[in-house]
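If you want the building blocks of each chain, they are given just below.
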Amino acid sequence: MQKTEKKFFDEQGNMLIRPYRLMDLAAIYDVSTRTIRRWIDSKAPEHGNKTQRYFTIDQVKGIITALGMPQKISLVVPMQPLKQAV
């Protein structure tokens, strides 16, 4: 069975808003499921009760509004050319 990586962000770096599971939100914010559950319970308790396996789009919007927009940061380190040994 081949595993495919889920796309949470588009090419411009914007988050795709769609139904997510708790583990997906944890991956988006790069924290554990326990941590994201604590954040949701403390900052967005009205959006934290899911009735099915997934949070609805409205719940995801509310959670993102309360927690802030997750951002992927790219770190670019310039490589120095290697000196060749003589």
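Some details on the nonpolar core
For soluble globular proteins, nonpolar side chains are generally found buried alongside one another.
Then, in step 1: Core analysis: the largest hydrophobic core is formed by 16 residues, its most contacted members being M15, Y20, L25, I28, I36, I40 and F55.
Then, in step 2: Looking at this core, the elements that each hand over two or more residues are helix 1 (22–29), helix 2 (33–43) and helix 3 (57–67).
Then, in step 3: Take this core: its biggest share by element is five residues, from helix 1.

A few points about the side chain of D24
Then, in step 1: Its location among the elements puts D24 in helix 1.
Then, in step 2: Note on D24: relative accessible area 5%, which makes it buried.
Then, in step 3: Leave out the neighbours within four places in its chain, and D24 touches K6, F8 and Y54.

So, how was this worked out
- Within any chain, residue numbers begin from 1 and follow the written order of that chain's sequence.
- Where local features are concerned, this predicted model is filtered to residues with pLDDT of at least 70; where side-chain atom pairs are given and counted, the filter is 80 or more; whole-chain, interface and lining totals use all residues.
- To obtain the side-chain values, all non-hydrogen atoms of the structure were included, while hydrogens and water were left out.
- Nine residue types can take part in a nonpolar core, namely buried Ala, Val, Leu, Ile, Met, Phe, Trp, Tyr and Cys, and a core is a set of them joined through side-chain atoms within 4.5 Å.
- Relative accessibility under 20% of the residue-type maximum defines a buried residue, over 50% an exposed one, and the middle range a partly exposed one, all with a 1.4 Å probe and only protein chains included.
- Counting from the N terminus, the helices are the DSSP runs of H or I reaching at least four residues and the strands are the DSSP runs of E reaching at least two.
- Whether two residues touch is decided by their heavy atoms; if any such pair falls within 4.5 Å, the residues are in contact.

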